[in-house]
Amino acid sequence: MTEQFISSPHKHDGSSVSVMMFRVCLALLPGLLAYVWFFGAGILIQCMLAVGFAIAIEYLMLKMRKRPVELFLKDGSAIVTGLLFALCLSPFTNWWITLSGIAFAIIIAKHLYGGLGYNPFNPAMAGYVFVLLCFPAQMNSWPASPEVANTSPALSDYISIIFSNGDSSLDALSGATALSQMKSQLGMMNMVSEIRIEPMFGHFAGAGWEWISIGFMLGGIGLLVLRVIKWQIPLAVLISMLGISMIFNTYDSDVYASPLFHLCSGGTLLCAFFIATDPVTASTTPFGRLLYGCLIGVLAYIIRCWGAYPDGIAFAVLLANACVPVIDHYTRPKVVGEVGS
Amino acid sequence: MTRELHSFPGGLQMPTFKTLSDQEMSILHPLPERLILPLQQHIGIPSQPCVSIGDKVLKGQTIARAFGYVSVPMHASTSGKIIDIGDYPVPHPSELKAPCIVIESDGEDKLFDIRPTNEYASVDPKELQDVIRECGIIGLGGAGFPAHVKLNEGVENAVDTLIINGVECEPYITCDDRLIQEKASYVVAGTRMIRHAVQAKHCVIAVEEDMPAAYAELEKLIDDDIELVKVPTRYPAGGEKQLIQVLTGKEVPSGGLPIHAGIVMHNVATAAAVFRAVTRGEPVISRYVTVTGLVEKSRNLQVLLGTTVKDCIKACNFEADENCRVILGGPMMGMHVTNPDVPVIKTTNCILVQENIPRLPEMPCIRCGNCVDVCPVNLLPQQLYWFAKTDNTEASQRHHIFDCIECGCCSYVCPSNIPLVQYYRYGKSQIAAEERRRDGADHASARFAARNERLQKDEREKQSVKEEKRIANQKEDKQSYINAAVERSKAKRALNKKTLEDTNKDD
Ligand code: SF4
Ligand code: SF4
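Residues numbered from 1 in each chain as written. Chains lettered and ligands numbered in written order. Predicted model: local features only at pLDDT ≥ 70, side-chain atom pairs only at ≥ 80, totals over all residues. Heavy atoms only, no water.

Chemist: I'm lost on the interface of chain B and chain A in this one. Help?
Modeler: The parts lose accessible area when they come together, and the size of an interface is often stated as this lost area. Facing 63 residues of chain B, the contacting portion of chain A comprises 42 residues. Of all residues in chain B, the largest losses of buried area upon contact with chain A belong to B:Ile366, B:Arg367 and B:Tyr412, amounting jointly to 15% of the total for that side. At the boundary of chain B with chain A, the tally comes to 4 salt bridges. We note a salt bridge from B:Glu251 to A:Lys334, for which the minimum N-O separation is 3.4 Å. Linking chain B to chain A there are 22 residue pairs in polar contact (both at pLDDT 80 or more). When residues of the side of chain B that touches chain A are traced back to their parent elements, those giving at least two are strand S15 (324-328), strand S16 (335-337), helix H8 (370-374), helix H9 (381-389), helix H11 (409-413) and helix H12 (420-506) of chain B. (Contact = heavy atoms within 4.5 Å. Buried area = accessible area lost by both parts, 1.4 Å probe. Salt bridge = Lys/Arg side-chain N within 4 Å of Asp/Glu carboxyl O. Polar contact = N/O pair within 3.5 Å; in protein donor to acceptor, adjacent residues only side chain to side chain. Helix = DSSP H or I, 4+ residues; strand = E, 2+ residues; numbered from the N terminus.)

Chemist: I'm lost on the pattern of salt bridges in this one. Help?
Modeler: Side chains carrying opposite charge are able to pair once their charged atoms draw close together. Tallying each qualifying case throughout the model produces 24 salt bridges over all chains. The residue A:Glu70 makes a salt bridge to A:Lys74 at a minimum N-O spacing of 3.6 Å. Of this pair, A:Glu70 and A:Lys74 both sit in helix H4 (residues 69-74), 4 residues apart, roughly one helical turn. For the pair shown, A:Glu70 and A:Lys74 are each scored as exposed. For B:Glu240, the salt bridge goes to B:Lys150, with nearest N and O atoms at 3.6 Å. (Buried < 20%, exposed > 50% of the residue type's maximum accessible area, 1.4 Å probe, protein only.)

Chemist: Is there a simple way to explain the site of ligand 2 in this structure?
Modeler: Residue and element names in this part refer to chain B. Neighbouring ligand 2 are 14 residues; Cys375, Cys404, Cys407, Gly408 and Cys410 lie closest to it. Of all elements in the fold, only H11 and H12 reach the threshold of two or more residues within the shell around ligand 2. Looking at side-chain class alone, the shell around ligand 2 contains 12 nonpolar, 1 polar and 1 charged residues. (Near = heavy atom within 4 Å. Nonpolar A, V, L, I, M, F, W, Y, C, P; charged D, E, K, R; others polar.)

Chemist: Help me understand unusual backbone geometry, please; the structure alone is not making it clear to me.
Modeler: Glycine aside, a negative phi is what most residues show, and trans is what most peptide bonds show. Between A:Ser8 and the following residue, A:Pro9, the backbone shows a cis peptide bond with an omega angle of -5°. By secondary structure assignment, the location of A:Pro9 is in the segment before helix H1 (17-27). That bond from B:Tyr235 to B:Pro236 is cis: its omega, -5°, falls within 30 degrees of zero. Mapped onto the elements, B:Pro236 comes out in the loop between strand S11 (227-231) and helix H5 (240-248).

Chemist: How should the nonpolar core be read in this particular structure?
Modeler: Proteins that are soluble and globular tend to have nonpolar side chains buried together. Ranked by size, the top nonpolar core spans 93 residues in total, and within it A:Phe274, A:Tyr292 and A:Ile296 carry the most contacts. Broken down by element, the residue count for this core peaks at 11 residues, all from helix H3 (residues 42-64) of chain A. Two domains each provide a minimum of three residues to this core, namely domain 1 (16-168) and domain 2 (176-326) of chain A. Ignoring sequence-local partners within four residues, the contact set of A:Ile296 consists of A:Val237, A:Cys271, A:Ala276, A:Ala316, A:Val317 and A:Ala320. If you look at the next biggest cluster of nonpolar residues, it comprises 84 residues, including B:Val123, B:Val187, B:Cys203 and B:Ala272. (Core = buried A, V, L, I, M, F, W, Y, C linked by side-chain atoms within 4.5 Å. Domains from an automatic or database assignment.)

Chemist: When you look at the packing of aromatic side chains in this model, what are you seeing that I'm missing?
Modeler: Between two aromatic rings, the relevant description is the distance of the centres plus the angle of the planes. What the rule picks out here adds up to 18 aromatic pairs over all chains. Taking the centre distance of 6.5 Å and the plane angle of 55° together, the rings of A:Phe38 and A:Phe39 count as tilted. Residue class for A:Phe39 comes out buried when judged on its relative accessible area of 1%. Grouped by ring-pair contacts, the aromatic residues A:Tyr35, A:Phe38, A:Phe39 and A:Trp209 constitute a single cluster. Across from the ring centre of B:Tyr215, 4.6 Å away, lies the NZ or CZ of B:Lys230, which sits over that ring. Above the ring of B:Phe8, the side-chain terminus of B:Arg234 is found at 4.2 Å from the ring centroid. (Phe/Tyr/Trp six-rings, centres within 6.5 Å; stacked < 30°, edge-to-face > 60°. Lys NZ or Arg CZ within 6 Å of the ring centre and 35° of its normal.)

Geometric values such as these leave the question of function open.
What follows is the structure, given as structure tokens:
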């Protein structure tokens, strides 16, 4: 018998952080498959790059901070950060941009705050915003819509663009995303109904992209079923995004796109199920999670419609992260038997 | 069943492992050679030995007296000789040694003269409480709080509902289940006696849904006077506050007692013990213990108090070695003991032998909130953990750390494997220590103030005494002065008179 003191309980349900993270990775598969289907295998290269960088930097940081390397590498959080970061980028993004974004995410946003569990800001989003601010020009070339280009870019195209500097084939292969196209066209005083006829807008929210989003939603529902994530945040993000876009769409449907467009374009669904639900940086009380989700939905919409960037998800998440301590403080549930307020 | 059931927040549905031990009839554990009886088996003040080394005692004889109100007497579990009164290892998380009385059995198991109380219904409730106390009855469900104290609360306050708790919600434990199945009549009769003792308006016996055999036994015996309720199987439905919530929908106020909601709750084993105490004068000297887990033959034993845990495990064909660990109580709230020579005491409901798997490494909290979803008290375990870890006692208290019932649900589901309950125990002890320190400081300052006060009072008294004396002296002076003056004038007059007479005589 061991001499060490063991406190109750003496049983555990067998869950672990690694299993949670592994499930998150699996749940990204449907969306990723759709991505590859519509835009070719470039995103896989981007994901592998990002995950590889993330693991390497995590390893270095753990070594430097004299943390148990194996234990923390196995938790899988670096892999998830890498994947989510890669999914925010265009698959054409140059490798050094990916590297610098990941470095910012893991070194500054995660380890300088104390590593897993202590980071107040979502590392993937922090890394993404970092590269968005530092390299704005390079962040805007997305693969052209499959309805516009006849074929999706070949793997060799992706490889040459990612690993070279300023490859000339990029211009031929890239185009705008639905969100940025919508934004620039609205800026030219066109009406939503006119813009929407373009084939790149697909059935409801951008050819190809809409199905990728649906893929992410399916994976997210899987996570809900497995209870890896809680229902409050996805629901709140979706409802608030739907709600606010519905209000403005009813108010003036020429200037404000439909709720469905907002829901399925850009990163809304990926964010609702995978990014906003990052437990470390989200609110931790049941009611707080609802508030937190709503905040993200509303902020993202505001930035999309009136901000300088086509998609506001990353900024919305970081801003909501900053509000978490306050939200948590004011949403403590009433304890059983607690009297008064 | 007419009673509408409610639910409590959180809780866990988990494998119960009850079938390991609940099918088998319980057996009497053979009389051991030596019995170790700790003087403190209850919450409160330890009892005081009233025998000395070398004394011969009989089974059921009082060998230690209650000391103070929150205390109960202790009885010899068998007949024999007192061979020692001293410190032995007892069931305690930190492996403490504590004062025990050790009896060497003479093998005869001869009963002490016992006096039953007849016709409990005509006995005054107060007297019934005394009988219960004299028989050493405490909460046998595991809490170990002296039964008479709860009964007395019942007498002093109006009791709406008496709840007899047969909801054995922890996995593995089946001692109450077996007890009900084998001694249902004791439980029901004991329930009626407790009801009389607290004069409760309603009376409920609650069992769990997965105890159908026990339910059936009870159903045969009860009348309209007792409600029999099945509650859904969900841990910790048998927790005092949770069961009250399930049965009545009432929340026991934070920091309050069930009686504040008009409720008195006792365990089924306590009820059976009351029956024995009242009708036969039999004290608590044995109990049902579930021995389960890795042991070859999981079952319930009727064990004399003071028998070692090791003996009980042996009786189930098992030798505890370093590949296993022994838990007293259930897997969720039980206590890990490293020394199998500790005795079975009044609150030992289960001996669980588990594989000794090393604890998985503790990771940082990822704030996933799984713990929040299962907390039956609606606490925020992850925040409490943080506060306890950083010694933030003020925030811990603001987040109601003292409402934590240490049920262990939060730890059970924590993906980071954090021993949360251990942190809360630490947090609570920190606060208690701080309070003691503060009280100590308060005491010191109070003492100082009192001393000043006393000194000043002394001073004032001295002053006033002096003053009085002075006044008295003055008075005295005046008086004596007057007296003296009178004296003098008398003398003068007398002298004058004499002189006059003399002169007259001379004349
Ligand atoms: S279950 Fe564990 S990791 Fe999750 S919030 Fe609670 S304490 Fe933190
Ligand atoms: S041990 Fe305490 S904090 Fe954890 S679930 Fe139970 S009552 Fe809640």
